[in-house]
Amino acid sequence: MAQHSIGGAGSLSTSTSHTPSLHSVITLRLTCGLVTLFGALIAFLGTSWDIQWHTFVGRDHTLIPPHEMMLTGIALGGIATLVAIITETIWVRQHRSIATQFTPFAGLFSGSLGAYIAGFAALNAALAFPLDTYWHTLYGIDVTLWAPFHIMIISGMALMAFGSVYMLASAANLATSIHALRERRTAYLGMIVAFATTLSLFTLLLFNATDKDYFLPLGFTSISLFPVLSGLLLGCMLVAAVRAIPWKWVATSITVVSLLFVLIDQLAVPPALAWLMQIEQLTFRAVHHSIPPQLSIVAFLWPLLSLLSAILIDLFVQRALKRGWSPRQLSIAIGLAVFIGCIPLTIENPVLSLDLIPMLGVLGTLLSLIVGCLGVFIGTKLGQSVGETMSTLER
Amino acid sequence: MSKTVLQRILLAAGVLALLVVLVDLAISIAATIPGSTPARVDHVTAGPYQLAVSLYSNPANAGYALAFAVAPTQAVDGSLTYHTYSLPGQGVDATPIRATFHADPNVRNGIQGAAEITVKGPWTLQVTVNGSAGQGVANIPITATALPPIPVWLGWSIGFVPFYVLCVFFVMQLSRNKKPEQTGTEPTPVSASA
């Protein structure tokens, strides 16, 4: 394959011995993107372990093994993005002519957009840890995911994975431009796993949304935030992925990978907790839970209908191509598919949505669904925009 | 405000955040290491044993480890084994935590360790001793203090920072992608090149 360098009069030119080749940029973004993704995945598994720990053992101190696992993942992602940005900045400083091929930041750095997102997110998640410790010193152990700095940690880790999607998308598009098929395939596979990791981490924040203690009171009634949050998440992630990756069954692949993570959770987290309790000589908290400690809480609270949503999205996209659906028809079909994922259904409670109706009342249920539709609309629009950017993003 | 200035402010905030993380990490590690002089020494009786319990921070700093040392004040036959816990007091929303320790190289049958104090308020350092004379338990009351509280609303506002940034990012992306002739809903060409 011909060697290409970046910059110059054309988009591609023959490499000189000094200018970094396009292959170098692709390799750097691919490697750093995958390492960042690996960090986010470690963080997800650590978080699942931590949820199990907090629920059954309680919060004891900051540097428990699940927290260390999360921090390791965050640090790995942060270091990988830093390496990517510093390397690309050095390249640009040495060869000013290629500066237009990179995203500048603060007049000091040059790099890929994804690296900035992931770096910011990793820093956010790391900063949230001491803040969370401080919050606990003031207000106690509050075993809930919807606490301010738990949200900051989890969303930081999720955005780290999301940043890696951008890094890999840029690598995929650069690889496409020079017909580097192997790199392009690796980048697309990485993007699928990165989308799944982002989806999985954000899904953790949905768990509290079906709990009546967390319904949003409106005065005359209360609404559940599950439909709107789920609509935003699924709409944004799955639609973006379908638009950004030119393969079949992309949305389905993402939710299947996400469910695979959940399966790993179920296989690894309960034994890990039992092992650690034995080492630390700890006992279970004297609080009753509907899920026994032998089962992974994350696995049992996982919203399952996202899989059906994803399958329908893929089917609709394929049918739209075959039958020449108008953009409006496709948007409506995708919106309906995403809406199905807004209905809560878990292994712990397969009839959760039916149980919510008496708790919310008819008006509360209807309002929850209406707000859910709004979430689906906004999520889908965002997904289209994000996917469109990712499909052409090179820097 | 120009884009570069805004980015430099963000960069400065990022560097500051990184410094906060590193300083907190350093303080967390330093808190586990006993200083040269204890801040408080309690002489307690644990069953048949007389012990001196040294605390290296008084009051304790909630959220950080409390370094401590335990040493018998009278001669003891044979060796002693210890179990140490920090126990939350009445009204403290926390769980009991096993404290870590190791043998004190300078004191026979003595230990040095670190007890985690997670929430502000009254706590007890519980030391259980086992030896040839039997078992004894000593409870040492501790008070833990924390930094001044921030309002709950401010905590939530900070906690949502990633979402503010995400929203700004999406808005910028939407405005960049918006072109008059483009609806953004066209189906993506699908190829089976996988």
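Residues numbered from 1 in each chain as written. Chains lettered and ligands numbered in written order. Predicted model: local features only at pLDDT ≥ 70, side-chain atom pairs only at ≥ 80, totals over all residues. Heavy atoms only, no water.

**Q** Is there a simple way to explain the overall build of chain B in this structure?
**A** Counting its secondary structure elements, chain B contains 3 helices and 10 strands. The order of helices and strands in chain B, counted from the N terminus, is α-β-β-β-β-β-β-β-β-β-β-α-α. Against the compact-globule benchmark of 16 Å for 194 residues, chain B has a radius of gyration of 27 Å, which places it well outside the compact range. The principal-axis extent of the C-alpha atoms belonging to chain B is close to 90 × 45 × 35 Å. Burial status across chain B gives 38% buried among its 194 residues. Restricting the contact set of chain B to residue pairs at least 6 apart, pairs at least 24 apart contribute 57%. About 10,700 Å² of surface is accessible on chain B, with carbon and sulfur atoms providing 64% of the total. (Helix = DSSP H or I, 4+ residues; strand = E, 2+ residues; numbered from the N terminus. Rg over C-alpha atoms; globule rule 2.2 N^0.38 Å. Buried < 20%, exposed > 50% of the residue type's maximum accessible area, 1.4 Å probe, protein only. Contact = heavy atoms within 4.5 Å. Areas by Shrake-Rupley, 256 points an atom, 1.4 Å probe, with all protein chains shown as cover.)

**Q** I keep staring at the overall build of chain A and nothing clicks. Help me out?
**A** Each helix and strand counted, chain A has 11 helices and 6 strands in total. The globule rule puts the C-alpha radius of gyration for 395 residues at 21 Å, and the 22 Å found for chain A is close to it. Its C-alpha atoms give chain A principal-axis dimensions of about 70 × 55 × 35 Å. Taken over 395 residues, chain A has a buried fraction of 61%. Relative to all contacts within chain A whose residues are 6 or more apart in sequence, the contacts with residues 24 or more apart total 76%. Averaging the positions of the 17 positive and the 16 negative side-chain charges in chain A gives two centres separated by 18 Å. (Lys, Arg positive; Asp, Glu negative; His and termini not counted. Charge placed at Lys NZ, Arg CZ, Asp CG, Glu CD.)

**Q** Hey, could you run me through the nonpolar core in this one?
**A** In globular proteins that are soluble, nonpolar side chains generally tend to be buried together. Counting residues in each nonpolar core, the largest one holds 132 residues, and the members touching the most others are Phe-162, Met-191, Phe-195 and Met-390 of chain A. The leading source of residues in this core is helix H4 (residues 148–177) of chain A, at 20 residues. Among the nonpolar cores identified, the runner-up in size contains 31 residues, and Val-44, Leu-51, Val-76 and Val-127 of chain B belong to it. (Core = buried A, V, L, I, M, F, W, Y, C linked by side-chain atoms within 4.5 Å.)

**Q** Help me understand the interface of chain A and chain B in this model?
**A** A common way to state how big an interface is: give the accessible area lost once the parts meet. Each partner contributes residues to the interface: chain A has 68 residues there, and chain B has 58 residues. Of all residues in chain A, Tyr-134, Thr-137 and Arg-243 of chain A bury the most surface against chain B, accounting for 10% of the area lost on that side. Applying the counting rule to chain A against chain B returns 0 salt bridges. Summed over the shared surface of chain A and chain B, the number is 7 residue pairs in polar contact (both at pLDDT 80 or more). Considering every element that reaches the side of chain A that touches chain B, the biggest residue donor is helix H3 (residues 113–139) of chain A, with 16 residues. The class makeup of the residues in the side of chain A that touches chain B is 41 nonpolar, 16 polar and 11 charged. (Buried area = accessible area lost by both parts, 1.4 Å probe. Salt bridge = Lys/Arg side-chain N within 4 Å of Asp/Glu carboxyl O. Polar contact = N/O pair within 3.5 Å; in protein donor to acceptor, adjacent residues only side chain to side chain. Nonpolar A, V, L, I, M, F, W, Y, C, P; charged D, E, K, R; others polar.)

**Q** In this structure, what is going on with helix H1 (residues 22–56) of chain A? I would like to understand it.
**A** In an α-helix, one turn spans 3.6 residues; hence positions three or four apart end up facing the same way. Residues and elements named next belong to chain A. Taking 1.5 Å of rise per residue, the 35 residues of H1 would be expected to cover 51 Å, and the 51 Å separating its terminal C-alpha atoms lies within 8% of that figure. Most of H1 sits out of view: 28 of its 35 residues are buried. Following H1 by one or two positions, Gly-58 adopts a phi angle in the positive range, close to 100°. (Expected span 1.5 Å × (residues − 1).)

**Q** Which parts of the structure should I look at to understand the state of the cysteines?
**A** Two cysteines, two sulfur atoms, one covalent bond between them: this is a disulfide. Following the criterion strictly, the structure yields 0 disulfides over all chains and no others. The thiol of Cys-236 of chain A is unpaired, and the distance to the nearest cysteine sulfur, on Cys-167 of chain B, comes to 10 Å. Of all cysteine sulfurs in the structure, the one in Cys-373 of chain A sits closest to Cys-342 of chain A, which takes part in no disulfide; the separation is 7.8 Å. (Disulfide = S-S within 2.5 Å.)

**Q** So what exactly am I meant to see when it comes to the environment of Leu-51 of chain B here?
**A** Residues and elements named next belong to chain B. Turning to its location among the elements, Leu-51 is positioned in strand E2 (residues 49–55). A relative accessible area of 1% means that Leu-51 is categorised as buried. It is 19 Å that separates the C-alpha atoms of Leu-51 and Trp-123, two residues lying 72 residues apart in sequence. Once you skip the residues sitting within four places of it in the chain, Leu-51 turns out to touch Asp-42, His-43, Val-44, Ala-46, Val-70, Ala-71, Pro-72, Thr-73, Tyr-82, Val-127 and Val-129.

**Q** What exactly am I supposed to notice about the side chain of Thr-81 of chain A here?
**A** Here Thr-81 of chain A lies in helix H2 (residues 65–94). Aside from chain neighbours lying at most four places away, what touches Thr-81 of chain A is Thr-36, Ala-115, Ala-118, Gly-119 and Met-167 of chain A.

**Q** Any chance you could explain the sheet that holds E2 of chain B here in plain terms?
**A** Either a parallel or an antiparallel arrangement is found when strands of a sheet pair, and the pairing is made through backbone hydrogen bonds. Residues and elements named next belong to chain B. Across the sheet, which stays open at both edges, the 5 strands sit in the order E1-E2-E4-E8-E7 with antiparallel pairing between neighbours. Taken across any chain shown, the strands that pair with only one partner, and hence form the sheet edges, are strand E1 (40–46) and strand E7 (100–103). If you compare each strand with its neighbour and ignore which way they point, the axes differ by 25° on average. Judged from the 7 bridges that link them, E1 and E2 form a sheet pairing that is antiparallel. Across the sheet, residue Arg-40 finds its bridge partner in E2, namely Leu-55. (Pairing = 2+ DSSP bridges. Axes fitted to C-alpha atoms, helices over the stretch in contact; angles between N-to-C directions.)

**Q** Got a minute to help me understand the pairing of strand E9 (residues 121–131) of chain B in this structure?
**A** Every other side chain in a regular strand lies on the same face of the sheet, so the side chains alternate between the two faces. Residues and elements named next belong to chain B. Note: strand E5 (residues 81–88) against E9, 8 bridges, orientation antiparallel. Residue pairing across strands places Tyr-85 opposite Gln-126, the latter belonging to E9. Counting the residues in the hairpin turn of E9 and strand E10 (residues 134–145) gives 2 residues.

**Q** Which parts of the structure should I look at to understand the sheet that holds E5 of chain B?
**A** Residue and element names in this part refer to chain B. Strands sit in the order E3-E10-E9-E5-E6 across an open sheet of 5 strands; the sheet is mixed. In this open sheet, the two strands that pair with only one neighbour each are strand E3 (60–61) and strand E6 (97–98). Where E3 lies against E10, 2 bridges are found, and the strand directions are parallel. Note that in E10 the partner of Ala-60 across the bridge is Ala-144.

**Q** Where do I start with the packing of H4 of chain A against helix H11 (residues 352–392) of chain A in this structure?
**A** Geometry of a packed helix pair, given as the angle between the helix axes and the separation of the axes. All names here are of chain A. Axis separation between H4 and H11 bottoms out at 7 Å; the angle between their running directions is 40°. Classed by the angle they form, the pair H4 and H11 counts as oblique. Counted together, Phe-162, Val-165, Tyr-166, Ala-169 and Asn-173 of H4 and Val-386, Thr-389, Met-390, Ser-391 and Thr-392 of H11 form the full contact between these two elements. (Parallel < 35°, antiparallel > 145°, perpendicular 65-115°, else oblique.)

**Q** What am I meant to see in the layout of surface pockets here?
**A** Over the atoms rolls a probe the size of a water molecule, and its path tells where empty space is left. Residue and element names in this part refer to chain A. In this structure, the second largest pocket occupies an estimated 1,100 Å³ of space. Taken together, 42 residues form the lining of the second largest pocket, with Phe-207, Asn-208, Asp-211, Ile-297 and Leu-301 sitting closest to its centre. Elements supplying a minimum of two residues to the lining of the second largest pocket: H1, H2, H3, H4, helix H8 (297–301) and H11. Here the lining of the second largest pocket gets 6 residues from one element, more than from any other, and that element is H1. Residues that form the lining of the second largest pocket fall into these classes: 21 nonpolar, 13 polar and 8 charged. (1 Å grid on protein atoms, 1.4 Å probe; cavity = no way out; pocket = protein on both sides within 12 Å on 5 of 7 lines; lining within 4 Å. Points joined across faces, edges and corners; volume = space filled by probe spheres on them.)

**Q** What should I look at first to understand unusual backbone geometry in this one?
**A** Peptide bonds are trans in most cases, and residues, glycine excluded, mostly fall at negative phi. Between Asn-58 of chain B and Pro-59 of chain B the backbone carries a cis peptide bond, its omega angle lying at 0°. Along the chain, the position of Pro-59 of chain B falls in the loop between E2 and E3. The residue His-179 of chain A is not glycine, and still its phi comes out positive at about 55°. Mapped onto the elements of the fold, His-179 of chain A is located in the loop between H4 and helix H5 (181–204).

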